Amino acid sequence: MTTPINLALQGGGSHGAFTWGVLDALLEDGSLSFEGVSGTSAGAMNAVALAHGFASVQGGKSDAREAARESLTAFWQNVMQLDPSNSAGAEVWGLMMGGWNLGQGGAASPMKWWADATSRMFSPYQTNPLDLNPLRDMVAKRIDFERIAAAKKSIPQVFVCATAVNTGKAEIFYGKRLTADAVMASACLPKLFQAVEIEGVKYWDGGYSGNPALHPLIYHCASADIVLVQINPIKRDHHPDSAEEIIDRMNELTFNASLLAQVRAIDFVSRMLAEGRLDAKRYKDVRLHRIDGGEAMEALGAHTKTSAHKDLIEKLFALGRECAQRWLKKHFNDIGKRCTVNIARDYLDDMRMDPNAAR
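Since the model is a prediction, treat every value here as computed from it, not as a measurement. (Residues numbered from 1 in each chain as written. Predicted model: local features only at pLDDT ≥ 70, side-chain atom pairs only at ≥ 80, totals over all residues. Heavy atoms only, no water.)

### A short note on the overall build of the protein
- The number of helices and strands found in the protein is 15 helices and eight strands.
- By the burial criterion, 52% of the 359 residues in the protein qualify as buried.
- Sequence separation of 24 or more characterises 74% of the internal contacts of the protein that already satisfy a separation of 6 or more.
- About 17900 Å² of surface is accessible on the protein, with carbon and sulfur atoms providing 53% of the total. (Helix = DSSP H or I, 4+ residues; strand = E, 2+ residues; numbered from the N terminus. Buried < 20%, exposed > 50% of the residue type's maximum accessible area, 1.4 Å probe, protein only. Contact = heavy atoms within 4.5 Å. Areas by Shrake-Rupley, 256 points an atom, 1.4 Å probe, with all protein chains shown as cover.)

### Brief notes about the side chain of Asp-205
- Structurally, the position occupied by Asp-205 is in the loop between β6 (201-204) and α10 (215-219).
- Notably, Asp-205 is buried but unbridged: the nearest opposite-charge side chain belongs to Lys-305, and the N-O separation is 9.9 Å.
- When residues no more than four places from it in sequence are discounted, the contact partners of Asp-205 are Thr-40, Ser-41, Thr-163, Ala-185, Ser-186, Ala-187, Cys-188, Leu-189 and Phe-255. (Lys, Arg positive; Asp, Glu negative; His and termini not counted. Salt bridge = Lys/Arg side-chain N within 4 Å of Asp/Glu carboxyl O.)

### A few points about the packing of helix α1 (residues 16-29) against helix α2 (residues 42-55)
- Interaxial distance between α1 and α2 falls to 9 Å at its minimum, and their mutual angle equals 30 degrees. Our classification of the angle between α1 and α2 gives roughly parallel. Of the two possible hands of crossing, α1 and α2 adopt the one that is right-handed. Facing α1, whose interface residues are Gly-16, Thr-19, Trp-20, Leu-23 and Leu-27, α2 presents Ala-42, Asn-46, Leu-50 and Phe-54.
- Taken together, the residues of the contact of α1 with α2 break down into six nonpolar, three polar and no charged. (Axes fitted to C-alpha atoms, helices over the stretch in contact; angles between N-to-C directions. Parallel < 35°, antiparallel > 145°, perpendicular 65-115°, else oblique. Left-handed = near helix turned anticlockwise from the far one by under 90°. Nonpolar A, V, L, I, M, F, W, Y, C, P; charged D, E, K, R; others polar.)

### Structural notes on the pattern of salt bridges
- Applying the stated rule across the entire model yields 21 salt bridges.
- When the shortest N-O distance is used, the salt bridge between Glu-28 and Arg-321 registers 2.8 Å. Of this pair, Glu-28 sits in helix α1 while Arg-321 sits in helix α13 (residues 310-331), placing them 293 residues apart in sequence.
- Residue class for Glu-28 comes out partly exposed when judged on its relative accessible area of 41%.
- Given a relative accessible area of 17%, Arg-321 falls into the buried group.
- For the salt bridge of Glu-275 with Arg-277, the shortest nitrogen-to-oxygen distance reads 3.1 Å.

### Observations concerning the environment of Ile-291
- Along the chain, the position of Ile-291 falls in strand β8 (residues 287-292).
- The buried category is assigned to Ile-291, whose relative accessible area is 2%.
- Considered as a pair, Ile-291 and Ile-231 are 60 residues apart in the sequence and their alpha carbons are 8.8 Å apart.
- When residues no more than four places from it in sequence are discounted, the contact partners of Ile-291 are Phe-18, Val-22, Val-227, Leu-228, Val-229, Gln-230, Cys-323, Ala-324 and Trp-327.

### Here's the deal with unusual backbone geometry
- With an omega dihedral of -5 degrees, the bond running from Asn-211 to Pro-212 counts as a cis peptide bond.
- The topology assignment puts Pro-212 in the loop between β6 and α10.
- Phi angles above zero are rare outside glycine, and Ser-41 is one such case at about 55 degrees.
- Examined against the element boundaries, Ser-41 turns out to sit in the loop between β2 (32-39) and α2.

### A few points about the side chain of His-15
- Along the polypeptide, His-15 turns up in the loop between β1 (3-9) and α1.
- Excluding residues that lie within four positions of it along the chain, His-15 makes contacts with Ile-231, Met-297, Leu-300, Gly-301, Thr-304, Lys-305 and Leu-316.

### Regarding the nonpolar core
- Among the nonpolar cores identified, the biggest contains 72 residues, and Leu-7, Phe-18, Phe-34 and Val-139 are the most heavily contacted of them.
- If we skip the residues at most four places from it in the chain, Val-139 touches Met-45, Phe-75, Phe-145, Ala-180, Val-183 and Met-184.
- Counting 20 residues, the second largest nonpolar core, distinct from the first, contains Ala-8, Ala-213, Ile-226 and Leu-228. (Core = buried A, V, L, I, M, F, W, Y, C linked by side-chain atoms within 4.5 Å.)

### A short note on the packing of aromatic side chains
- Within this structure, the stated rule accounts for six aromatic pairs.
- Judged by centre distance (6.1 Å) and plane angle (5 degrees), the ring pair of Trp-20 and Trp-76 falls under stacked. Of this pair, Trp-20 sits in helix α1 while Trp-76 sits in helix α3 (residues 61-80), and the two are 56 residues apart along the sequence. Considered together, Trp-20 and Trp-76 belong to a single accessibility category, that of buried residues.
- Between Phe-75 and Trp-76 the ring centres are 5.9 Å apart and the planes differ by 80 degrees, which places this aromatic pair in the edge-to-face class. (Phe/Tyr/Trp six-rings, centres within 6.5 Å; stacked < 30°, edge-to-face > 60°.)

### Comments concerning a nonpolar patch on the surface
- Together, Leu-189, Trp-204 and Tyr-208 give the surface a local cluster of nonpolar side chains, amounting to about 240 Å² of exposed area.
- Within the secondary structure, Tyr-208 is located in the loop between β6 and α10. (Patch = residues over 30% accessible without salt bridge, like charges linked within 9 Å, V, L, I, M, F, W, Y side chains within 5 Å.)

Spelled out as structure tokens, the structure:
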């Protein structure tokens with residue numbers, strides 16, 4: 001018998017390969033079952049690749065887990081094919097960048113080059129008028145969204161977050177509304193790609209409003225245990241002083257802001273429940289857990305999030321597996337019993353004020 005949990009998968013470009021490693025290790029272990037999976041950007045891609053694997057088989061649970069592992073592996077192998085250091089990737093990026101040759105001696109990270117250029121002078125509506133995106137075709141080809149929708153309760157529920165451009169509000173796509181367009185909306189960086197339009201509404205990356213969105217797991221799933229796979233560091237010991245480091249840290253703060261707000265809300269409800277101020281029948285006491293790469297992930301610069309190089313992807317995959325295995329050994333027996341994250345230390349603001357200072 002497996003222990004049910006929910007998964008919350010952060011976005012972070014190629015660093016999502018760390019999440020691939022985490023999921024691979026959890027699936028291989030087999031002691032956990034996934035009730036709901038909420039993902040944003042790269043986390044959304046991992047979520048639908050996972051669900052595609054589960055939905056593709058009609059056999060037992062072990063067969064479904066292996067199929068999910070195979071689906072995730074195939075997805076990330078395709079991502080590695082987009083690396084401009086190989087001929088296939090160079091051809092794709094060359095088309096997107098107006099015929100630039102990115103083969104031998106080409107740019108190490110064309111997405112970073114392109115983002116830097118557009119952020120200064122141009123928008124993707126000028127630099128990429130055909131709205132080419134190599135990931136979009138790959139997602140549409142590899143993921144059977146109709147089968148995922150038809151499977152319903154027999155596979156993990158998947159929730160994908162995108163940000164409505166005009167309102168700034170989070171939009172959660174699931175069920176029949178979970179499509180390739182929804183996933184691409186969740187991963188739409190506005191400096192790189194044109195906004196994705198769905199049902200007359202235009203969307204940007206879900207990281208601006210929910211990275212990842214936790215509320216679908218709280219309100220639409222029975223399990224009170226949420227395992228957060230975090231790939232954007234909350235804290236950095238090194239003070240950014242170069243232009244690149246400052247921009248990188250600004251982006252980290254931006255894409256972590258929604259997570260901080262959600263975790264603070266969870267902590268508030270938990271404290272109110274503990275003090276008897278809320279009805280325990282109406283409010284869920286969420287138990288939060290976290291798997292992250294720690295110092296190893298912090299050492300990777302933000303520029304590596306746009307790299308599809310095989311060595312980097314495989315390194316992150318191995319790191320994710322290692323961290324997940326370590327977490328299982330340390331915290332498996334805590335599931336269903338207690339929160340294993342120090343929320344006060346890691347996520348809450350220090351709001352204490354010295355009354356003497358006011359005087």
